[in-house]
Amino acid sequence: MKFETENNELSKTLDPKQFESKWYNHWEDNKYFAPKMGKQKKSYCIIMPPPNVTGKLHAGHALDMTTQDTIIRFKRMKGFKTLYLPSMDHAGIATQSVVEKKILEDEGKSRKDMTREEFLERIWKWKDEYGDFITKQARHIGVSCDWDYFVFTMDQGPHEAVNKVFCDLYNEGLIYQSNYIVNWDPLLQSAISDAEVEHKEVKGAFYHVLYSVKDHDTKLEIATTRPETMLGDTAVAVNPNDDRFKHLIGKTAIVPLCNREIPIIGDEHVDMELGTGCLKVTPGHDFNDFEIGKRHKLETINILNSDGTLNEYGLEWKSMSCKKARKLIVEKLKELGLFIKQHDHIHQVGHGQRSHVPIEPIVSKQWFLNVQEMASTAVKAIEDNKTRFYPKGWENTYFSWLREPRNWCISRQLWWGHQIPVYYCKQCENKWAAEHKPECCTKCDSKHFSQDPDVLDTWFSSGLWAFSTLGWPDKKRMKEKSFNDFFPTSTLVTGYDIIFFWVARMMMMTLKVLGEIPFEKIYIHAIVRDKLGRKMSKSLGNGIDPIDMIDKYGSDAFRFALAAGSGYNRGLNLDPERISGYRNFMNKIWNAFRFIHPFISNTKSKLPDIQTLDNHEKWILGELNSVTLKMNESIEEFRFDDACNAIYQFVYDKYCSWFIELSKNVLYGDNEKSKIQRTSVLKYCFREIVALLHPISPFVTEEFWQYLKNDGEDLLIAQEYPEFDEKLVFDKDQSDMNHFIETITLIRNMRSALNIKPKDEISIELFSGDKELLKYFEKNKVYFHELARVKTIVTANKNGVRPPKSIMSATTNTEIFMPLEGVVDINEHIKRLEKNLEKTKKEFNQNDKKLKNKKFAENAPKDVIEGVKKKVSDLKQKIISLEENVKSFK
RNA sequence: GGGCGUUUAGCUCAGCUGGGAGAGCGCUACCCUUACAAGGUAGAUGUCGGGGGUUCGAUCCCCUCAACGCCCACCA
């Protein structure tokens, strides 16, 4: 027992470091995380959204993992066969950049100085070295995943899944190669998908330039934000309904600078109101223009190199960046007198999600996945409630992405990733897809063939994650991993920022490949921000490092803070102060435990016979029972905030503040029988508290369990989760106790207001119309002394004679009189009484008015009317007694 | 340009299908009372963003305005 000091006493403060890693190792080493069939005879599976291999645990991961682990531990205790499957993503672009940068820094070598094989070897080496850093950190969070199931997206299993799916979709014609305009990231020098483009507001300008018309003396004024792309213009377009220009359709315009002759065409797309009504068409570098180009069979000219600089079409500006060229070209146009004017223009420009540089629309040969049909199937699955979003509102985000999908560009010009399994024969120009590297060409048997150099978008393999992690497509592996038990998985837990990156794609791919939904529920949690609601970022330096927090406050407190902030909200503003608050909470529980510890060692954990329970015991068990219900319901529907509040309040306000305090008298008293009974109730409640809390804060609760468990009982992680019990509902005891608490609080309030020293004892007289309640007070005389230092107490019916010259206060059903003793500031007391009176009268009037309102009486439901009636009569009584007391002093 | 969301105590937020507003932290006063000062007891504070409407009754429903935030959209 590590907590005991030299004197064999438990230390006053809880030190999480004493047991966190101890318990994690113990759980892991003894296979407590492995799926095991429990009483539910059903399984429950969550797949961890794979963190990037380059990653360091950030607050978002911590929230992700905490909510997942809470659900898993809850379900495990409920008796489900649970699997929390840990995984990791190769994160193509991110990882390749990191490693490239590192090699450049260390050795001054770029990727181009190496062969593909050499480079990949280096990445794998890097991955082996740093790759499981994040999984080590995850253990500090306490994730109860079965590490035997760990999968990396580049492992053999997922690789086979990727290849199989690719080939099937290819053979079905859904994966195709096409020359199409794509988002080109000039820094990565790769195509990226639409989802990876972020639009940012950029201050630019409209440049007005003159194009001359061949054999015609008019000049066309064209407005553009990108004058440099005129070098790739292959048409000028006007709206065919535009009277200003329609006579020019069919004529030829001449592009300045390169003097290319291009047709003037009519296209409805041109907005007559915008710019000058004349549009330069650059099919090679603009999405709209590309479409126009297709419609009019225009030539497509690519004026850019893969790094975003101008190529030979750039003439004298060749090899310059677009930005630089733009400036010089504008100057040149000015010289030539072709420049009219420019004015500022703020517009949205696409930037690479990873590289943060402006993306260039470029026409290139890429692989695409036709998602049209898959998308509508995925929409339907949610519409039909086959899978549900929690909170439901996120459906809209999902739908908005899937209802107008553009085909997914899945090829990336990178080396790190799943290489596209398409092969090209050098002999016969055959092209085919194959799951396994072929021996020879499928047509001509030639051994001279090459594989497509591109790799797949990282999200392609992630899209298969719901089933490739469980062994698919290999029958043997699927059996080993109990595929049939765990697929479809139960709940997907993730942030809203990847609803379309990941959730939508898993839905599409899984429905397509297996014809089933990937998961039954989708819980979308908040995005973690700093306490001011700002995104955590490196540049702001406002990031919260989970490991720091765990170090400072303990994993349990950190987890509790995250859970307490998680419900159906979209943002979680994490303030370290809060974590520290919950650290205090953990310490509070610890000290409650320290108090009961000496009494419970020889006590049974079993609940005593209900018949023998006294009022206070029934009360606490009733309260415990409600909390149990609340916790079960809340976790079930992902309202972790409610669950945390419920247990927090129970522990602080019920168990510690009242039950333990009320128990002292019993425990230090002489009645052995009551003592034993009270001890077992204290212990029983504490065991339940610890069990209820375990899914949220696993370490400290497991530690407590060691002191609480019976001989032969397993660890807490393997115990059953408490359930609501109808036998433990005690309404009468609950309401009596509430009156009691109210009365005690009021007496304390009076003491405090009158500046009576905490140690001084007082006498009081209680008047009430409720005989039962008076009896209850009589029975609890001793506690008035314990809790409010009341020396003598007299109870009387409300018709009794009030003591003269007494300080008075009242709840709605009890009047409290405190005879004057010593020097008390009467004026102060009268002031207080009058304030109270005013407040009570106001409340009375409000309710009375309502009652007198005919329409209220006609329309309001009976129970509401009854409630108001009762309130009015109680308040009236209270007013009378307050007034009398005021009078007695005047 | 579309869509979504937020606006409740000093701060961060809860308030389910309408019956008179809550929590945590912070703050104030008094207490080192033998579980806990990472604590105890008591206390203060809100025109529930503005305006209008429906209703006997609105923080909750409808309309409108405002502020802030997020997402989507092909850069004329």
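Look a little higher up for the structure.
Note that the structure is a prediction, hence the values are computed from the model and not measured.

K.L.:
Run through the protein's contact with RNA strand B, naming residues and quoting values.
P.N.:
Surrounding RNA strand B, one finds 62 residues, the nearest of these being F206, A223, N288, R583 and K850. Within 4 Å of the protein, the atoms of RNA strand B are drawn from sugar and phosphate moieties in a proportion of 57%. R748 is positioned such that a nitrogen or oxygen atom in its side chain is 3.4 Å from a sugar or linking oxygen of RNA strand B. Per element, the largest residue contribution to the surface near RNA strand B is ten residues, and it comes from helix 18 (residues 576–600). The residue makeup of the surface near RNA strand B, split by class, is 23 nonpolar, 20 polar and 19 charged.

K.L.:
Describe the environment of K521, listing the residues and the values that go with them.
P.N.:
Topologically, K521 is positioned in strand 23 (residues 519–525). For K521, a relative accessible area of 26% puts it in the partly exposed group. In the structure, K521 is positioned 132 residues away from F389 in sequence and 6.1 Å away in space, judged by C-alpha atoms. Not counting residues up to four positions away in its chain, the partners in contact with K521 are T387, R388, Y390, S490, T491, L492, E636 and F638.

K.L.:
How would you explain the packing of helix 9 (residues 372–383) against helix 15 (residues 499–514) if you had to name every residue and give the values?
P.N.:
Packing of helix 9 against helix 15 brings their axes to within 8 Å, and their N-to-C directions diverge by 100 degrees. One finds that helix 9 runs roughly perpendicular with respect to helix 15. Taken together, the residues of helix 15 that come into contact with helix 9 (itself represented by M374, A375, T377, A378, A381 and I382) are M507, M508, M509, L511 and K512. Of the residues assigned to the contact of helix 9 with helix 15, the class counts are nine nonpolar, one polar and one charged.

K.L.:
How would you summarise the sheet that holds strand 19 (residues 431–433) if you had to cite specific residues and measurements?
P.N.:
Sheets are built from strands paired through backbone hydrogen bonds, the pairs being either parallel or antiparallel. With antiparallel pairing, the three strands of this open sheet are ordered in space as 19-18-20. Two strands close off the open sheet at either side, each with one partner strand: strand 19 and strand 20 (449–451). Geometrically, the sheet is characterised by an average inter-axis angle of 25 degrees between neighbouring strands, direction not taken into account. Looking at chain direction, strand 18 (residues 422–425) and strand 20 are connected through three bridges and run antiparallel. What sits directly across from Y424, in strand 20, is S450. Contacting strand 18 and strand 19, helix 6 (residues 156–171) crosses the sheet at an angle of about 130 degrees to strand 19.

K.L.:
Describe in detail the sheet that holds strand 23, supporting the description with residues and values.
P.N.:
Taken in spatial order, the three strands make up an open sheet running 15-23-22, and their pairing is parallel. Strands at the two margins of the open sheet, each flanked by one partner only, are strand 15 (388–390) and strand 22 (489–495). On average, each strand axis in the sheet is inclined to that of its neighbour by 20 degrees, with strand direction left out of account. Bridging between strand 15 and strand 23 involves three bridges; their strand directions are parallel. Among the inter-strand pairings, R388 is bridged to a residue of strand 23, identified as K521.

K.L.:
I'd like to hear about the layout of surface pockets, residue by residue, with values.
P.N.:
The space that makes up the second largest pocket amounts to roughly 510 Å³. Taken together, 20 residues make up the lining of the second largest pocket; nearest its centre are H159, G417, Q419, K437 and Q451. For the lining of the second largest pocket, the secondary-structure elements that each account for two or more residues are helix 4 (116–130) and helix 6. When its residues are assigned to classes, the lining of the second largest pocket shows seven nonpolar, eight polar and five charged.

K.L.:
Tell me what's going on with the packing of aromatic side chains, and back it up with residues and numbers.
P.N.:
Under the defined criterion, the tally for this structure stands at 56 aromatic pairs. Residues Y523 and F640 carry aromatic rings whose centres are separated by 5.8 Å and whose planes lie at 65 degrees to one another, so their mutual orientation is edge-to-face. With Y523 in strand 23 and F640 in helix 20 (residues 640–667), this residue pair connects regions lying 117 residues apart in the sequence. Assessed through its relative accessible area of 0%, Y523 is described here as buried.

K.L.:
Can you explain the pattern of salt bridges? Please cite residues and give values.
P.N.:
When their charged atoms lie close together, side chains carrying opposite charge are able to pair. Within this structure, the stated rule accounts for 48 salt bridges. Note that R802 and E815 form a salt bridge whose closest N and O atoms lie 2.8 Å from each other. In this pair, R802 sits in the loop between strand 27 (790–797) and strand 28 (806–810) while E815 sits in strand 29 (residues 814–819), placing the two residues 13 residues apart along the sequence. You can call R802 partly exposed: its relative accessible area is 21%. Assessed through its relative accessible area of 5%, E815 is described here as buried. Linked by salt bridges that have partners in common, R226, E228, R326 and E360 make up one network.

K.L.:
Give me helix 19 (residues 615–636): which residues, what numbers.
P.N.:
Across its 22 residues, helix 19 extends 32 Å between first and last C-alpha, which sits within 8% of the 32 Å expected from 1.5 Å per residue. Regarding helix 19, its N-cap is D614, as a side-chain oxygen of that residue lies 3.1 Å from the backbone nitrogen of H616 further along.

K.L.:
Lay out the nonpolar core with the relevant residues and their values.
P.N.:
F560, F593, Y655, F686, F740, I764 and F784 are the most contacted members of the largest nonpolar core, which totals 143 residues. Counting residues per element, this core draws most heavily on helix 20, at 15 residues. Every residue in contact with F784, bar those within four places of it in the chain, is listed here: F740, T743, I744, I747, I764, L766, F777, R789, V790 and I793. One finds I47, A195, F389 and W472 within the second-largest nonpolar core, a separate group that totals 63 residues.

K.L.:
Break down the pairing of strand 9 (residues 235–238) for me, citing the residues and quoting the values.
P.N.:
Working note: regular strand, side chains alternate between the two faces of the sheet. Side-chain alternation along strand 9 places A235 and A237 on one buried face and V236 and V238 on a second face that is also buried. When strand 9 meets strand 12 (residues 278–281), the two strands line up antiparallel, connected through four bridges. From the neighbouring strand, A235 faces strand 12, where its bridge partner is V281. Of the strand pairs in this sheet, strand 9 and strand 11 (residues 261–266) are connected by three bridges, and their pairing is parallel. Along strand 11, the bridge assignment pairs V236 with I264.

Thresholds, definitions, all that
- Residues numbered from 1 in each chain as written.
- Chains lettered and ligands numbered in written order.
- Predicted model: local features only at pLDDT ≥ 70, side-chain atom pairs only at ≥ 80, totals over all residues.
- Heavy atoms only, no water.
- Near = heavy atom within 4 Å.
- Polar contact = N/O pair within 3.5 Å; in protein donor to acceptor, adjacent residues only side chain to side chain.
- Helix = DSSP H or I, 4+ residues; strand = E, 2+ residues; numbered from the N terminus.
- Nonpolar A, V, L, I, M, F, W, Y, C, P; charged D, E, K, R; others polar.
- Buried < 20%, exposed > 50% of the residue type's maximum accessible area, 1.4 Å probe, protein only.
- Contact = heavy atoms within 4.5 Å.
- Axes fitted to C-alpha atoms, helices over the stretch in contact; angles between N-to-C directions.
- Parallel < 35°, antiparallel > 145°, perpendicular 65-115°, else oblique.
- Pairing = 2+ DSSP bridges.
- 1 Å grid on protein atoms, 1.4 Å probe; cavity = no way out; pocket = protein on both sides within 12 Å on 5 of 7 lines; lining within 4 Å.
- Points joined across faces, edges and corners; volume = space filled by probe spheres on them.
- Phe/Tyr/Trp six-rings, centres within 6.5 Å; stacked < 30°, edge-to-face > 60°.
- Salt bridge = Lys/Arg side-chain N within 4 Å of Asp/Glu carboxyl O.
- Expected span 1.5 Å × (residues − 1).
- Core = buried A, V, L, I, M, F, W, Y, C linked by side-chain atoms within 4.5 Å.

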